[in-house]
There are 2 protein chains.
Amino acid sequence: MSANLPIVGAIEAGGTKFVCAVGRGSKSDLLETDEFPTGSDPQAVIGKVVDWLKSREARFGTLPAIGIASFGPVDLDPKSPTYGYITTTPKEGWKNTDIVGAVRRAFPGRAIGFDTDVNGAALGELRWGYARGLEDFIYVTVGTGIGGGGFARGRPLHGLVHPEMGHIPLPPVGDDPFPGNCRIHGRCWEGFCAGPAIERRAGMPGKMIPADHPVWELTTRSMAQALLTLTYVLSPRRIIIGGSVRKAGRLGEDAFFAMIRRHFHELNNGYISSPALSPEGLERYIVPPELGDAAGICGAVALGQDALRAGG
Amino acid sequence: MSANLPIVGAIEAGGTKFVCAVGRGSKSDLLETDEFPTGSDPQAVIGKVVDWLKSREARFGTLPAIGIASFGPVDLDPKSPTYGYITTTPKEGWKNTDIVGAVRRAFPGRAIGFDTDVNGAALGELRWGYARGLEDFIYVTVGTGIGGGGFARGRPLHGLVHPEMGHIPLPPVGDDPFPGNCRIHGRCWEGFCAGPAIERRAGMPGKMIPADHPVWELTTRSMAQALLTLTYVLSPRRIIIGGSVRKAGRLGEDAFFAMIRRHFHELNNGYISSPALSPEGLERYIVPPELGDAAGICGAVALGQDALRAGG
C-alpha cells in the first residue's frame with residue numbers, strides 16, 4: 001500500500017537511542033534501519049546518523065526528504081528563531097541542540113519534517129496503524145518517562161509548546177503513601193507509572209515483578225486515571241499506548257491492558273455514555289500500537305513524506 | 001467592527017436559563033436580548049425562545065441563521081441520527097431533546113450553527129475577546145458545575161463526544177480530607193471547585209465566605225492543578241475562565257485569579273519553560289473572559305454567522 005510513496009530518510013531521536021531508516025512506508029516497507037546510542041554528544045550521534053543516511057543514498061538515490069521525530073522539549077514554531085531545536089532538556093549535553101539545522105546543513109535543499117517523538121509515533125499509527133481514519137486520537141509512550149501526543153480534528157497537537165501529558169497531576173490510589181517518583185512533580189503520571197516508578201515500588205527490575213504483585217494493580221489504576229483525564233479533556237476516539245512498560249514483564253501485555261480497561265470503566269462510572277467506552281468498546285479504545293515498537297520510526301518516514309508533499 | 005456581519009438569531013441554552021439574542025457581533029452589537037428559565041419542559045422554553053425570535057423578525061427582517069450553544073452532553077456528529085440532541089443529561093425532562101430539530105422546524109431553510117455552551121463561549125472570545133488570533137486556547141466555565149471547551153489548531157474540540165473537562169480526577173491538596181462533592185466521581189475538578197463544593201466546604205453561601213477563609217486557598221490550589229493538567233495535555237496559548245465562581249464573592253475576582261496564578265507557577269515548578277508561564281506571563285495566560293458573562297451569547301451569534309458562511 002506504500003508502493004506509490006517516495007523513499008525518504010527518517011530519524012527517530014530518542015533519549016536512549018537514535019533509530020534511522022530509509023523507507024517508503026510501514027514496517028514492511030522500511031528498506032533499511034540502524035540505530036546508535038544517544039549519548040551526551042549531539043554532534044557525534046547526529047554525525048553518525050548523517051553518514052549513515054548519506055551512504056544509503058549511494059544505494060537508493062538522493063533522499064528527497066528527511067523526517068525527524070525527536071525527544072524534547074522541542075521548538076515546533078516555524079516562526080521561532082530556535083525552530084527545530086531540542087530546547088530545555090535536562091539530558092546531559094543536549095540543551096539547545098539545533099537538530100533540524102544540523103540535518104538541513106548536511107542535506108541542503110531537501111524537505112525536512114519535524115515533530116515530537118510522540119507526535120511522530122502518532123502519525124505512524126494514523127498512516128499505517130490503529131489510528132487510520134481517526135481525526136481525534138492520542139498516542140502515549142510509557143517507558144523510562146511518559147510522553148503523549150496526538151491529533152485533534154485531524155491536526156497534530158502543538159500550541160504554546162507541545163503537550164507534556166506525562167506530567168499531569170494524579171491522585172494517589174486510595175491511601176497509598178507512595179510519594180511519586182517524579183523529580184519535578186512527585187505524584188504525577190510519570191511519577192506513578194513510568195518504568196523507574198514501578199521498579200522503585202516493587203523493589204526489583206520490571207522483568208522480575210511477579211504477575212500477582214500489587215504494584216500492577218496500583219500502576220494500572222493510575223494509568224486509567226490518566227487516560228480518563230485525557231478522554232475528558234480531549235475526547236479522543238482512541239488511545240494508543242506504546243513504550244516498554246506496556247509489555248509488563250511477567251504480567252504480560254494482554255493482562256496489563258485488560259486491567260487498565262477495567263479500572264477506566266470503573267472510574268468513568270457511566271459518566272460519558274458511549275458505546276466506545278463500554279467494556280467491549282474499551283477493547284478497541286485503549287490499545288497497543290499496531291506498528292509495535294516501529295511506530296516512531298514509521299512516523300518519522302511519514303513526517304518526511306508530508307514535508308515533501310507540503311513543499312518544505 | 002461587526003458592521004459588515006449579518007444579523008442572526010442566537011440561543012445560549014444553559015442549565016438554569018436560556019438567553020436569546022438578535023445581533024451581529026460582540027456585546028455592543030447585540031440588538032436585543034432576553035432570557036427564560038430552563039425549567040423541566042423543553043418544548044415550553046424552546047417554544048418561548050422561538051416565539052421571541054419570530055417576533056424580532058417583524059422588526060429586523062428574516063434571520064438568515066440561528067446559532068445554538070447548549071448545555072450537554074450534546075451530539076455534535078453531523079452524521080449521527082441524533083445530531084443536535086441534548087442526550088444523556090441528568091437534568092429532569094431534558095434527556096434526548098432534539099433542540100436543533102425544534103429550531104430548524106420553526107425556522108425552515110435557515111442556517112443553524114450548533115456546539116456546546118463552552119465551545120460557544122470559546123468562539124465568542126475567539127471572535128471578539130481575549131482569544132483573538134489564538135489557534136490553541138481553552139475556555140472553562142466554573143459555576144454550578146464545571147465545563148471546558150476550546151480550540152486546537154484553529155478548530156473547536158470535538159471528538160468521540162466532546163470534552164468533559166470538569167470531571168478530570170484531581171489529587172487532594174495536602175492531606176485535606178474533603179471527599180469531593182461530585183455525585184459521580186467524588187474528588188474531581190467539579191467535586192472540588194464548583195460553587196456547591198465551595199459552599200459545602202465553607203458551610204455558608206458563596207457570597208458570605210470571608211476573603212481570608214481557607215476554602216479559597218484550597219479552591220485556587222485545585223483550580224491550578226486542573227489548569228496545569230489542561231496545559232500539559234493541550235498546550236493552550238491562553239486559558240479563559242468564565243462562570244460565576246470566578247467572581248469569588250468577598251475575595252474578589254482579581255485576588256482569586258492572582259491566587260490561581262501563584263499556585264500554577266508553584267505546581268509547574270519550572271517544568272514547562274515558557275515566558276507565557278512566568279509570573280508576569282501568567283497574568284495574560286489565565287484570565288477572565290473579555291466579554292464577561294456575555295461570552296456565551298456572543299458565541300452563539302458567531303455560531304450562527306459561521307453556519308451561514310458554511311452554507312448550512
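Residues numbered from 1 in each chain as written. Chains lettered and ligands numbered in written order. Predicted model: local features only at pLDDT ≥ 70, side-chain atom pairs only at ≥ 80, totals over all residues. Heavy atoms only, no water.

### Re empty space enclosed by the protein
Okay, so step 1: In this structure the tally under the stated criterion is 1 cavity of 30 Å³ or more.
Okay, so step 2: Volume-wise, the largest cavity comes out at about 40 Å³.
Okay, so step 3: Lining the largest cavity are Leu157(A), His158(A), Asp136(B), Phe137(B), Ile138(B), Phe151(B), Ala152(B), Leu157(B), Leu234(B) and Pro236(B).
Okay, so step 4: For the lining of the largest cavity, the elements supplying multiple residues, two or more each, are β8 (137-142) and β9 (146-152) of chain B.
Okay, so step 5: Taken together, the residues of the lining of the largest cavity sort by class into 8 nonpolar, 1 polar and 1 charged. (1 Å grid on protein atoms, 1.4 Å probe; cavity = no way out; pocket = protein on both sides within 12 Å on 5 of 7 lines; lining within 4 Å. Points joined across faces, edges and corners; volume = space filled by probe spheres on them. Helix = DSSP H or I, 4+ residues; strand = E, 2+ residues; numbered from the N terminus. Nonpolar A, V, L, I, M, F, W, Y, C, P; charged D, E, K, R; others polar.)

### Focus on the packing of aromatic side chains
All names here are of chain A.
Okay, so step 1: If you walk through the whole model with that rule in mind, you get 18 aromatic pairs over all chains.
Okay, so step 2: For the ring pair Phe264 and Tyr285, a centre distance of 6.1 Å and an interplane angle of 55 degrees mean the geometry is tilted. Taken together, the residues Phe264 in helix α7 (residues 253-268) and Tyr285 in helix α8 (residues 279-285) connect sequence positions 21 residues apart.
Okay, so step 3: According to the relative accessible area criterion, Tyr285 is buried, its value standing at 1%. (Phe/Tyr/Trp six-rings, centres within 6.5 Å; stacked < 30°, edge-to-face > 60°. Buried < 20%, exposed > 50% of the residue type's maximum accessible area, 1.4 Å probe, protein only.)

### Let's talk about the relation of the copies chain A and chain B
Okay, so step 1: With an RMSD of 0.0 Å, the fit of chain A onto chain B corresponds to turning through 180 degrees and sliding 0.0 Å along the axis. With respect to symmetry, the two chain copies, as superposed, fit the operation of a two-fold axis. Closest approach to the rotation axis within chain A is made by the C-alpha atom of Pro171(A), at a distance of 1.9 Å.
Okay, so step 2: When you check the interface residues of chain A against chain B, 100% turn up at the interface there too, and the contact is symmetric in its surfaces. (Least-squares fit on C-alpha atoms with pLDDT ≥ 70 in both. Contact = heavy atoms within 4.5 Å.)

### Some remarks on the environment of Val161(A)
Okay, so step 1: Residue placement: Val161(A) occurs in the loop between β10 (155-156) and α4 (189-193).
Okay, so step 2: Those residues within four positions of Val161(A) in sequence are excluded, and the remaining contacts are Leu76(A), Ser235(B) and Ile272(B).

### What to know about the environment of Ile240(A)
All names here are of chain A.
Okay, so step 1: With respect to the element layout, Ile240 can be found in strand β11 (residues 239-242).
Okay, so step 2: Of the residues examined, Ile240 reaches a relative accessible area of 0% and is grouped as buried.
Okay, so step 3: Between the C-alpha atoms of Ile240 and Gly93, which are 147 residues apart in sequence, the distance is 31 Å.
Okay, so step 4: Apart from residues no more than four positions distant in its own chain, Ile240 is found in contact with Glu125, Tyr130, Ala131, Phe137, Ile138, Tyr139, Val140, Val287, Pro288 and Pro289.

### A word on the nonpolar core
A general feature of soluble globular proteins is that nonpolar side chains tend to end up buried together.
Okay, so step 1: Judged by nonpolar contacts, the single largest core of 96 residues is most densely connected at Trp189(A) and Trp189(B).
Okay, so step 2: Discounting residues that sit within four places of it in the chain, Trp189(A) has contacts with Val140(A), Ile146(A), Met165(A), Gly166(A), Ile168(A), Leu170(A), Ala194(A), Met223(A), Ala226(A), Leu227(A) and Leu230(A). (Core = buried A, V, L, I, M, F, W, Y, C linked by side-chain atoms within 4.5 Å.)

### Quick notes on the pattern of salt bridges
Okay, so step 1: Scanning the entire structure with this criterion turns up 33 salt bridges over all chains.
Okay, so step 2: Across the pair Arg105(A) and Asp98(A) runs a salt bridge whose closest N-O atoms are separated by 3.8 Å.
Okay, so step 3: Look at Arg105(A) and you get exposed, because its relative accessible area is 60%.
Okay, so step 4: Residues Arg309(B) and Asp306(B) are paired through a salt bridge, measuring 3.0 Å at the closest nitrogen-oxygen approach. Residue Arg309(B) and its partner Asp306(B) are located together in helix α9 (residues 295-310), separated by 3 residues, close to a single helical turn.
Okay, so step 5: With relative accessibility at 23%, the residue Asp306(B) sits in the partly exposed group. (Salt bridge = Lys/Arg side-chain N within 4 Å of Asp/Glu carboxyl O.)

### Some thoughts on the interface of chain A and chain B
Okay, so step 1: Contact with chain A, which involves 43 residues of that partner, is made by 43 residues of chain B.
Okay, so step 2: For the pairing of chain A and chain B, the buried interface totals around 4000 Å² over both sides, and the portion due to carbon and sulfur atoms is 62%.
Okay, so step 3: Of all residues in chain A, Arg153(A), Leu160(A) and Tyr271(A) bury the most surface against chain B, accounting for 20% of the area lost on that side.
Okay, so step 4: At the junction of chain A with chain B, the criterion picks out 2 salt bridges.
Okay, so step 5: Close ionic contact of Glu135(A) with Arg155(B) constitutes a salt bridge, the shortest N to O distance being 3.8 Å.
Okay, so step 6: On inspection of chain A and its partner chain B, the count reaches 26 residue pairs in polar contact (both at pLDDT 80 or more).
Okay, so step 7: Contributions of two or more residues to the side of chain A that touches chain B are made by β10, α6 (214-234) and α7 of chain A.
Okay, so step 8: Of the residues forming the side of chain A that touches chain B, the biggest block, 6 residues, is contributed by α6(A).
Okay, so step 9: When the residues that make up the side of chain A that touches chain B are grouped by side-chain class, the tally is 24 nonpolar, 13 polar and 6 charged. (Buried area = accessible area lost by both parts, 1.4 Å probe. Polar contact = N/O pair within 3.5 Å; in protein donor to acceptor, adjacent residues only side chain to side chain.)

### Brief notes about the packing of α6(A) against helix α6 (residues 214-234) of chain B
When two helices pack together, their arrangement is given by the angle between their axes and by how far apart the axes lie.
Okay, so step 1: One way to put it is that α6(A) packs onto α6(B) with a least axis distance of 11 Å and a crossing angle of 80 degrees. The orientation of α6(A) with respect to α6(B), classified from their angle, is roughly perpendicular. Every residue of α6(B) that contacts α6(A) at Thr229(A), Leu230(A), Val233(A) and Leu234(A) is listed here: Thr229(B), Leu230(B), Val233(B) and Leu234(B).
Okay, so step 2: Considered class by class, the residues forming the contact of α6(A) with α6(B) number 6 nonpolar, 2 polar and no charged. (Axes fitted to C-alpha atoms, helices over the stretch in contact; angles between N-to-C directions. Parallel < 35°, antiparallel > 145°, perpendicular 65-115°, else oblique.)

### What about the domain arrangement of chain A?
Residue and element names in this part refer to chain A.
Okay, so step 1: Parsing chain A into structural domains produces domain 1 (2-121 + 293-310) and domain 2 (130-288).
Okay, so step 2: Taking only C-alpha atoms, the centre of domain 1 and the centre of domain 2 are 27 Å apart.
Okay, so step 3: Here domain 1 meets domain 2 over a buried area of about 960 Å², counting both sides, of which 53% is carbon and sulfur.
Okay, so step 4: Three residues stand out in domain 1 for area buried against domain 2, namely Val118, Asn119 and Asp293, and they jointly supply 51% of the buried area on that side.
Okay, so step 5: Scanning the region where domain 1 abuts domain 2 turns up 2 salt bridges.
Okay, so step 6: Between Arg246 and Asp293 there is a salt bridge whose closest N-O contact spans 3.2 Å.
Okay, so step 7: Counting across the domain 1 and domain 2 interface gives 6 residue pairs in polar contact (both at pLDDT 80 or more). (Domains from an automatic or database assignment.)

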